[in-house]
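Breakdown of the fold
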Amino acid sequence: EAAVTQSPRNKVAVTGGKVTLSCNQTNNHNNMYWYRQDTGHGLRLIHYSYGAGSTEKGDIPDGYKASRPSQENFSLILELATPSQTSVYFCASGDADSSYEQYFGPGTRLTVL
Amino acid sequence: QQKVQQSPESLTVSEGAMASLNCTFSDGTSNNFRWYRQHSAKGLEVLVSIFSDGEKEEGRFTAHLNRANLHVSLHIREPQPSDSAVYLCAVSMWGYAQGLTFGLGTRVSVFP
């Protein structure tokens, strides 16, 4: 079964600090995604990747960077965290072999004070 | 830009009754539709995926797609208290890896 893990599961950060959220998948999927989920907005796509070394902007990329150093790992980086980035972040993986199904991780709850 | 709207916002049903959820989308060229379930801000669990007009059943969950009407629905047969969750509709284009567009969800509560 598809396996996507995220770390940390909970994070409290200070405004202006750097935050890195990590995602690992053991499905050997080419594509990986970062979403954030907020009340009233639902899930929104931040960045995605087609494979190692690739990162693409999603619908709301401002204030976020992404890194895909390998097939298995995809990170979301907040260089200067702001309170508006307080949210629950979900990572997902998928590709054509899975009928473009996206398998989601358990989420990371980030609070920026 | 794709817009996905779900109705109702919340739904209360008795155990064993049919639950029906609706989802409308704005881009008529969309051809990749999925229903997810989310328990209490946890991860998303895919329930049904449907790619062509008609019906697709997965256990107690049935999706109906009518692309001409820009509408996809989910029906839950014999819902159980453990089905109480938020149900999310997600839409994309087949073959495009740019991610899914989600609706805001329908909160379903099932009472014994």
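Residues numbered from 1 in each chain as written. Chains lettered and ligands numbered in written order. Predicted model: local features only at pLDDT ≥ 70, side-chain atom pairs only at ≥ 80, totals over all residues. Heavy atoms only, no water.

**Looking at the nonpolar core**
Counted only if it meets this: Residue types Ala, Val, Leu, Ile, Met, Phe, Trp, Tyr and Cys, when buried and joined through side-chain atoms within 4.5 Å, form a set referred to as a nonpolar core. For each residue, the accessible area found with a 1.4 Å probe, counting protein chains only, is set against the maximum for its type, and the residue is called buried under 20%, exposed over 50%, and partly exposed in between. Should any heavy atoms of two residues lie within 4.5 Å, those residues are considered in contact.
Judged by nonpolar contacts, the single largest core of 24 residues is most densely connected at Leu21, Trp35, Val72, Leu74 and Tyr87 of chain B. With residues near it in sequence (within four places) discarded, Val72 of chain B still touches Leu21, Asn22, Cys23, Phe25, Phe33, Trp35, Ile50, His64, Leu65 and Cys89 of chain B.

**Some points on the sheet that holds strand 6 (residues 54-58) of chain B**
Residue and element names in this part refer to chain B. As a reminder of what qualifies: Two strands are counted as paired when DSSP detects at least two bridges linking them. Under the scheme used here, helices are H or I runs from DSSP no shorter than 4 residues and strands are E runs no shorter than 2 residues, and both carry numbers assigned from the N terminus. Angles run from 0 to 180 degrees between N-to-C directions of axes, and those axes are lines fitted to C-alpha atoms, restricted for helices to the stretch in contact.
Overall, antiparallel pairing links the 5 strands, which are arranged 1-3-8-7-6 in an open sheet. Looking at which strands have only one partner, the edges of the open sheet turn out to be strand 1 (4-7) and strand 6. Here the average twist between neighbouring strands, direction ignored, is 20°. For strand 3 (residues 19-25) and strand 8 (residues 71-76), the ladder comprises 6 bridges, and the chain directions are antiparallel. Paired with Ser20 across the strands is His75, a residue of strand 8.

**Describing the pairing of strand 6 of chain B**
All names here are of chain B. Across 5 bridges, strand 6 lies against strand 7 (residues 61-66) in antiparallel orientation. Within strand 7, the position partnered with Glu55 by the bridge is His64. Hairpin connection of strand 6 to strand 7: 2 residues between the antiparallel strands, including Gly59 at a positive phi of 65°.

**Observations concerning the interface of chain B and chain A**
Rule in force here: In what follows, salt bridge is the name for a side-chain nitrogen of Lys or Arg lying within 4 Å of a carboxyl oxygen of Asp or Glu. Under the rule applied, a polar contact is a pair of N or O atoms within 3.5 Å (in protein, one hydrogen donor and one hydrogen acceptor; residues adjacent in sequence only if both atoms are side-chain atoms). Gly is put with the polar residues, along with every residue not named as nonpolar or charged; the nonpolar set is Ala, Val, Leu, Ile, Met, Phe, Trp, Tyr, Cys and Pro, and the charged set is Asp, Glu, Lys and Arg.
Residue-level contacts link 22 residues of chain B with 21 residues of chain A. Applying the counting criterion to the chain B and chain A interface returns 1 salt bridge. The residue Arg34 of chain B makes a salt bridge to Glu101 of chain A at a minimum N-O spacing of 2.7 Å. The tally of links between chain B and chain A comes to 6 residue pairs in polar contact (both at pLDDT 80 or more). Counting only elements with at least two residues in the side of chain B that touches chain A, the list comes to strand 4 (32-38) and strand 5 (44-50) of chain B. For the side of chain B that touches chain A, the element with the most residues is strand 4 of chain B, which contributes 4 residues. Across the side of chain B that touches chain A, the residue classes break down as 12 nonpolar, 8 polar and 2 charged.

**Remarks on the sheet that holds strand 3 (residues 19-25) of chain A**
Residue and element names in this part refer to chain A. If you walk across this open sheet you meet the 4 strands as 1-3-8-7, and the pairing is antiparallel. Both edges of this open sheet fall to strand 1 (4-7) and strand 7 (65-67), since each of them pairs with a single strand only. Averaged over all neighbouring strand pairs, the angle between strand axes comes to 20°, with direction disregarded. Summarising the sheet, strand 3 and strand 8 (residues 73-78) pair through 6 bridges and their orientation is antiparallel. Bridging from a neighbouring strand, Ser22 pairs with Ser75 of strand 8.

**Describing the side chain of Gln6 of chain A**
Residue and element names in this part refer to chain A. By the secondary structure assignment, Gln6 is in strand 1. Within the structure, Gln6 has its side chain in polar contact with the backbone nitrogen of Gly107 (distance 3.0 Å). Apart from residues lying up to four places away in sequence, Gln6 is in contact with Ser22, Trp34, Tyr89, Phe90, Cys91, Gly105, Pro106, Gly107 and Thr108.

**Section: the packing of aromatic side chains**
Our working rule: Centres within 6.5 Å make a pair out of two Phe, Tyr or Trp rings, where for Trp the six-membered ring is used; the pair is then stacked when the planes are under 30 degrees apart, edge-to-face when over 60, and tilted otherwise.
Applying the stated rule across the entire model yields 11 aromatic pairs over all chains. Taken together, a centroid distance of 5.5 Å and an interplanar angle of 85° make the contact between Tyr48 of chain A and Tyr50 of chain A edge-to-face. Residue Tyr48 of chain A is classed as buried on the basis of its relative accessible area, which comes to 8%. When its relative accessible area of 37% is taken as the criterion, Tyr50 of chain A is described as partly exposed. Geometrically, the ring pair formed by Tyr36 of chain B and Phe102 of chain B is tilted, given 5.8 Å between the ring centres and 45° between the ring planes. Taken together, the positions of Tyr36 of chain B in strand 4 and Phe102 of chain B in strand 10 (residues 101-102) put the pair 66 residues apart, joining distant regions of the chain. Residues Tyr36 of chain B and Phe102 of chain B agree in their burial class; the two are buried. Members of the aromatic cluster, connected to one another through ring pairs, are Tyr33, Tyr35, Tyr48, Tyr50 and Phe104 of chain A together with Tyr36 and Phe102 of chain B.

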